[in-house]
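Chain by chain, the residues run as shown.
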Amino acid sequence: MDGFKLYVTNTSTIPPVGYLCYEDPDPGLPKITQTIPCHQLGKYVIYYDIKKDDNEGPVIELCYVAINGCRKGMWGIDCSTTCPSICIGQHCHPENGSCVWGCGEQKCLNNRWDIQTGACTEGCAREHSQFCNCNKYNLTPYGTATQISDFQESLPQNAIEPPISNTFSKTLCSHTDLGSEPAWWMFHFSFGLAYITDINIYYRENFAVRMDGFKVYVTNTSTIPPNGHLCHEDGPGLPITTQTIPCNQLGQYVIYYDTKGSVQDRKSFGPIIELCYVAINGTFIVIV
């Protein structure tokens, strides 16, 4: 059982392509009886293992599996109670009906919300507070940023601190070192699970060529290459250096990932990440 992974997916693709609910950590052997939380919509549950032991390849021997939950939009002992209409995607916790992915913005107290960010400015309407927290916050004060390498004073936490700008300096922006391939910047939430609505990125001005080909993931592990939900993959042409990327996904990590190098002034560079400001917007996941 050592090294197993558990996915919830919408396809039967192998290797699994979907939401990684759990990955057995190293070192040590796992317990042979486990209850694994997931809180994810899907059509398939896949137990997956590629790790060999001393004598043989990966072997799966499952004596009993219970997959607990309700069909989308329902909750309760017999899954007969309808989820609150205010829940995003009408997806709620099967035991208590609380909104797993948060609430719609239209349920803000006094209908007051920031038209630019969608954040409730006065909290959640009282009649809905039993099921969810309507507030949407920039969650970067509640965690830590890391990156594959540091270029001089350009540390990863520079990207989550003001000013909100594309203007580059070594003390205001993150910058991975030359020759770090792949290049990645990662944020880990200190409180556990978050529902991430969108991510604001301010990349170094006039350096879209280094941003070209980037990807943004939301995951439950710090695995590199990222193993989780791909929120965005940059397409053809140079990207704009200020972006708001929708995601609407549960996760513990946000990973900015790049494997594409650039050519500037006839010099070839490997992938480099230069983030001047990142806001990760969403809600804390609290089961009421």
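Let me begin by describing the structure that accompanies this report. A quick note: this is a predicted structure, and the numbers were derived from the prediction, not measured.

Some details on the state of the cysteines
All told, the structure shown has five disulfides when counted by the stated rule. Disulfide partner of C21: C38, at an S-S distance of 1.8 Å. Pair noted here: C21 is in strand β2 (residues 18–23) and C38 is in the loop between β2 and β3 (44–48), with a separation of 17 residues, a long-range link. Between the sulfur atoms of C70 and its disulfide mate C79 the distance is 2.0 Å. Between C70 and C79, the S-S dihedral sits near -75 degrees, and the bridge is therefore left-handed.

Quick look at the pairing of strand β8 (residues 183–189)
Where burial is concerned, most of β8 is hidden: six out of the seven residues are buried. Note that strand β7 (residues 143–147) and β8 share five bridges and pair antiparallel. What sits directly across from A145, in β8, is F187. Looking at chain direction, β8 and strand β13 (residues 253–258) are connected through six bridges and run antiparallel. Along β13, the bridge assignment pairs F187 with V254.

A look at the pattern of salt bridges
Tallied over the full model, the rule gives seven salt bridges. With a shortest N-O distance of 2.6 Å, R204 and E274 are connected by a salt bridge. Placement of R204 in the loop between β9 (194–203) and α1 (208–211) and of E274 in the loop between β15 (267–269) and β16 (275–284) is noted, with a sequence separation of 70 residues between them. Accessibility classification places R204 together with E274 in one group, the buried group. The network of salt bridges with shared partners includes D2, D26 and K51.

A short note on the sheet that holds β7
Strand order across the open sheet formed by five strands is β7-β8-β13-β10-β11, with antiparallel pairing between neighbours. Each end of this open sheet is capped by a strand with a single partner; those strands are β7 and β11 (229–233). On average, adjacent strands in this sheet sit at an angle of 15 degrees to one another, irrespective of strand direction.

Structural notes on the pairing of β9
In terms of residue burial, β9 counts as a mostly covered element, since nine of its 10 residues are buried. Bridge count between β9 and strand β12 (residues 242–251): eight bridges; the pairing is antiparallel. Bridging from a neighbouring strand, D198 pairs with P246 of β12.

Re the nonpolar core
Grouped together as the largest cluster of nonpolar side chains are 27 residues, with contacts concentrated most on W185, I196, I201, V216, Y256 and L275. Contributions of two or more residues to this core are made by β8, β9, β10 (215–219), β12, β13 and β16. No other element matches β9, which puts five residues into this core. Not counting residues up to four positions away in its chain, the partners in contact with I201 are M211, F214, V216, T241, T242, Q243, I245, Y256, L275 and Y277.

Focus: a negative patch on the surface
Together, D53, D54, E56 and E61 give the surface a local cluster of negative charge. Examined against the element boundaries, D54 turns out to sit in the loop between β3 and β4 (74–75). Among the residues examined, D54 registers a relative accessible area of 80% and is labelled exposed.

Observations regarding the packing of aromatic side chains
Applying the stated rule across the entire model yields eight aromatic pairs. Ring centres of Y202 and Y277 lie 6.0 Å apart, and the angle between their planes is 65 degrees; this geometry places the pair in the edge-to-face category. Taken together, the residues span a long stretch of sequence, with Y202 in strand β9 and Y277 in strand β16 at a distance of 75 residues. Y202 gets classed as partly exposed once you look at its relative accessible area, which sits at 22%. Seen in terms of ring centroids, F214 and Y256 are 5.0 Å apart; in terms of plane orientation they differ by 5 degrees. Their pairing is stacked. Of this pair, F214 sits in the loop between α1 and β10 while Y256 is found in strand β13, placing the two residues 42 residues apart along the sequence. According to the relative accessible area criterion, F214 is buried, its value standing at 0%.

Here's the deal with the sheet that holds β3
Pairing within the open sheet is antiparallel, and its three strands lie in the order β2-β1-β3. Taken across any chain shown, the strands that pair with only one partner, and hence form the sheet edges, are β2 and β3. Averaged over all pairs of adjacent strands, the angle between strand axes in this sheet comes to 25 degrees, irrespective of strand direction. With five bridges joining them, strand β1 (residues 5–9) and β2 adopt antiparallel strand pairing.

Analysis parameters
Residues numbered from 1 in each chain as written. Predicted model: local features only at pLDDT ≥ 70, side-chain atom pairs only at ≥ 80, totals over all residues. Heavy atoms only, no water. Disulfide = S-S within 2.5 Å. Helix = DSSP H or I, 4+ residues; strand = E, 2+ residues; numbered from the N terminus. Buried < 20%, exposed > 50% of the residue type's maximum accessible area, 1.4 Å probe, protein only. Pairing = 2+ DSSP bridges. Salt bridge = Lys/Arg side-chain N within 4 Å of Asp/Glu carboxyl O. Axes fitted to C-alpha atoms, helices over the stretch in contact; angles between N-to-C directions. Core = buried A, V, L, I, M, F, W, Y, C linked by side-chain atoms within 4.5 Å. Contact = heavy atoms within 4.5 Å. Patch = residues over 30% accessible without salt bridge, like charges linked within 9 Å, V, L, I, M, F, W, Y side chains within 5 Å. Areas by Shrake-Rupley, 256 points an atom, 1.4 Å probe, with all protein chains shown as cover. Lys, Arg positive; Asp, Glu negative; His and termini not counted. Charge placed at Lys NZ, Arg CZ, Asp CG, Glu CD. Phe/Tyr/Trp six-rings, centres within 6.5 Å; stacked < 30°, edge-to-face > 60°.

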